[in-house]
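For reference, the chains in residue letters:
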Amino acid sequence: MSASAPAVRPGAAGVAVRAAFALYLAILVGIPLAAVVHRGTANGAGAVWDAVSAPAAADALIRTLWTAALVAAVNAVMGTATAWVLVRMRFPGRSLLSALVDLPFAIPTLVAGVMLVLLFGPQEPLGGWMQSNGFPIAFASPGIVLALAFVTLPFVVRAVEPVLVELDPAEEEAAETLGASPWTVFRRVTFPALRPAIAYGTVQSFARGLAEFGSIIVISGNIPFRTLTAPVLVFSEVEGGRPDVAASVSVVLLALAILMALAARGLRREAGSHV
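A few points on the structure. These numbers were taken from a predicted model, which means no experiment stands behind them.

Observations concerning the overall build of the chain
Step number 1: Along its length, the chain carries 13 helices and 0 strands.
Step number 2: Residues counted as buried form 35% of the 275 residues belonging to the chain.
Step number 3: Of the roughly 15500 Å² that the chain leaves accessible, carbon and sulfur atoms contribute 69%.

A closer look at empty space enclosed by the protein
Step number 1: Inspection of the entire model under this criterion finds 1 cavity of 30 Å³ or more.
Step number 2: Empty space within the largest cavity amounts to approximately 40 Å³.
Step number 3: If you go around the largest cavity, the residues you meet are Thr64, Thr67, Ile144, Leu148, Gly209, Glu212, Ile216, Thr229 and Pro231.
Step number 4: Classifying every residue of the lining of the largest cavity gives 4 nonpolar, 4 polar and 1 charged.

Here's the deal with the side chain of Thr190
Step number 1: Mapped onto the fold, Thr190 is located in helix 10 (residues 182–211).
Step number 2: For Thr190, the contacting residues outside a window of four places in its chain are Trp84, Leu164, Leu167, Glu172 and Val185.

Notes on the layout of surface pockets
Step number 1: Its volume calculated, the largest pocket comes out at about 210 Å³.
Step number 2: As for the largest pocket, its lining consists of Ala207, Leu210, Ala211, Phe213, Pro231, Val234, Ser250, Leu253, Leu254, Leu256 and Ala257.
Step number 3: Counting only elements with at least two residues in the lining of the largest pocket, the list comes to helix 10, helix 12 (230–239) and helix 13 (243–271).
Step number 4: Counting residues per element, the lining of the largest pocket draws most heavily on helix 13, at 5 residues.
Step number 5: Of the residues contributing to the lining of the largest pocket, the split by class is 10 nonpolar, 1 polar and no charged.

Considerations on helix 4 (residues 94–106)
Step number 1: Compared with the 18 Å implied by 1.5 Å per residue over 13 residues, the 19 Å span of helix 4 between its first and last C-alpha is a close match.
Step number 2: Along helix 4, the sharpest change in direction is near 25° and occurs at Leu100; proline Pro104 comes one to four residues later.

Describing a negative patch on the surface
Step number 1: A cluster of acidic residues, Asp168, Glu171, Glu173 and Glu176, forms a negative patch at the surface.
Step number 2: In this fold, Glu173 is placed in helix 9 (residues 170–177).

Describing helix 5 (residues 109–120)
Step number 1: Helix length check: helix 5 (12 residues) gives 16 Å between terminal C-alpha atoms against 16 Å at 1.5 Å per residue, within 8%.
Step number 2: Of all the residues in helix 5, the buried ones are Thr109, Ala112, Gly113, Leu116 and Phe120. Looking down the long axis of helix 5, one finds its buried residues gathered within 100° of arc, a one-sided arrangement.

Details of the environment of Thr67
Step number 1: Mapped onto the fold, Thr67 is located in helix 3 (residues 55–88).
Step number 2: Through-space distance from the C-alpha of Thr67 to that of Gly14 is 45 Å; in sequence the pair is 53 residues apart.
Step number 3: When residues no more than four places from it in sequence are discounted, the contact partners of Thr67 are Ile144, Val145 and Leu148.
Step number 4: One polar contact links the side chain of Thr67 to the main-chain carbonyl oxygen of Arg63, over a distance of 2.7 Å.

Considerations on the pattern of salt bridges
Here the idea is simple: oppositely charged side chains can pair when their charged atoms come close.
Step number 1: Overall, the coordinates contain 6 salt bridges when judged by the stated rule.
Step number 2: Among the ionic pairs, Arg39 bridges to Asp244, the shortest N-O distance being 2.4 Å. Of this pair, Arg39 sits in helix 1 (residues 12–41) while Asp244 sits in helix 13; the two residues are 205 residues apart in sequence, bridging distant segments of the chain.
Step number 3: By relative accessible area, which is 41% here, Arg39 ends up partly exposed.
Step number 4: The class of Asp244 is partly exposed, set by a relative accessible area of 34%.
Step number 5: Between Arg158 and Asp102 there is a salt bridge, and its shortest N-O distance comes to 3.0 Å. In this pair, Arg158 sits in helix 8 (residues 153–166) while Asp102 sits in helix 4, placing the two residues 56 residues apart along the sequence.

With respect to the packing of aromatic side chains
Any two aromatic rings considered together are summarised by their centre-to-centre distance and by the angle between their planes.
Step number 1: Going through the model one piece at a time under the given rule, you end up with 5 aromatic pairs.
Step number 2: Ring geometry for Trp183 against Phe186: centres 6.1 Å apart, planes inclined by 25°, an arrangement best described as stacked. In this pair, Trp183 and Phe186 both sit in helix 10, 3 residues apart, roughly one turn of the helix.
Step number 3: On the accessibility criterion, Trp183 (56% relative accessible area) is exposed.
Step number 4: Three or more aromatic residues link up through ring pairs in this structure, and these residues are Trp84, Trp183, Phe186 and Phe191.
Step number 5: The ring of Trp84 has Arg88 lying over it, and the distance from NZ or CZ to the ring centre is 4.6 Å.

Rules of the game
- Residues numbered from 1 in each chain as written.
- Predicted model: local features only at pLDDT ≥ 70, side-chain atom pairs only at ≥ 80, totals over all residues.
- Heavy atoms only, no water.
- Helix = DSSP H or I, 4+ residues; strand = E, 2+ residues; numbered from the N terminus.
- Buried < 20%, exposed > 50% of the residue type's maximum accessible area, 1.4 Å probe, protein only.
- Areas by Shrake-Rupley, 256 points an atom, 1.4 Å probe, with all protein chains shown as cover.
- 1 Å grid on protein atoms, 1.4 Å probe; cavity = no way out; pocket = protein on both sides within 12 Å on 5 of 7 lines; lining within 4 Å.
- Points joined across faces, edges and corners; volume = space filled by probe spheres on them.
- Nonpolar A, V, L, I, M, F, W, Y, C, P; charged D, E, K, R; others polar.
- Contact = heavy atoms within 4.5 Å.
- Expected span 1.5 Å × (residues − 1).
- Bend = angle between axes of the 7 residues up to and from the residue.
- Patch = residues over 30% accessible without salt bridge, like charges linked within 9 Å, V, L, I, M, F, W, Y side chains within 5 Å.
- Salt bridge = Lys/Arg side-chain N within 4 Å of Asp/Glu carboxyl O.
- Lys, Arg positive; Asp, Glu negative; His and termini not counted.
- Charge placed at Lys NZ, Arg CZ, Asp CG, Glu CD.
- Arc of directions from axis to C-beta.
- Polar contact = N/O pair within 3.5 Å; in protein donor to acceptor, adjacent residues only side chain to side chain.
- Phe/Tyr/Trp six-rings, centres within 6.5 Å; stacked < 30°, edge-to-face > 60°.
- Lys NZ or Arg CZ within 6 Å of the ring centre and 35° of its normal.

Next up, the structure:
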């Protein structure tokens, strides 16, 4: 067993680099977050509770939570299936499909909202037909879910894909040789290895869904008690001259974001270095 490497004390240059990096993070992240927390909690916890428990705010927060959770659950299943197809199957157009998975990272989310409105808007052929049959997409909850599904598509796929690539197929082949069905092989052999990566990608999807603004403000219509989400509510409160209320709601979203970041970090450590 090799001895562990001795700790090396950083020189003056190393200390300067660390200080510059810490200052950069403080200016870019720490100070703005501290300003939001200070403004949101300046009038005490009671003011925060009053802001988030107001009917419109509570409804927006609940809608944000359930739509993000629903999309994260869908991504856990469909993202894993997509990663499986990309890794385990060879077919024409595979490279194009892989590129399409990353497309939500490349285009502004505002553009995603515009695309959905052009497809599912009540004045468009498909959207008008669906609305006339009692299933509206644009300016309704299904539009929010579709927008979140679009912007969070890559997270589970890209978390699971490298784990599948590195997975040794020998155990799966041994289980098949012993007569296990494909579903049993996946459930008993493959899925346990993928579970941390799936969970990591799912948490990322949920966190991203909580924060989505650009596509939602276009596709949802921002109707209180029907399609208003928490990030759009924050924007509306700022525009309406109520920054204290906006800051209070932002504190709740920030707390959720920190919890999701900690959960994702733990899951990433469990999944190993592949994600």
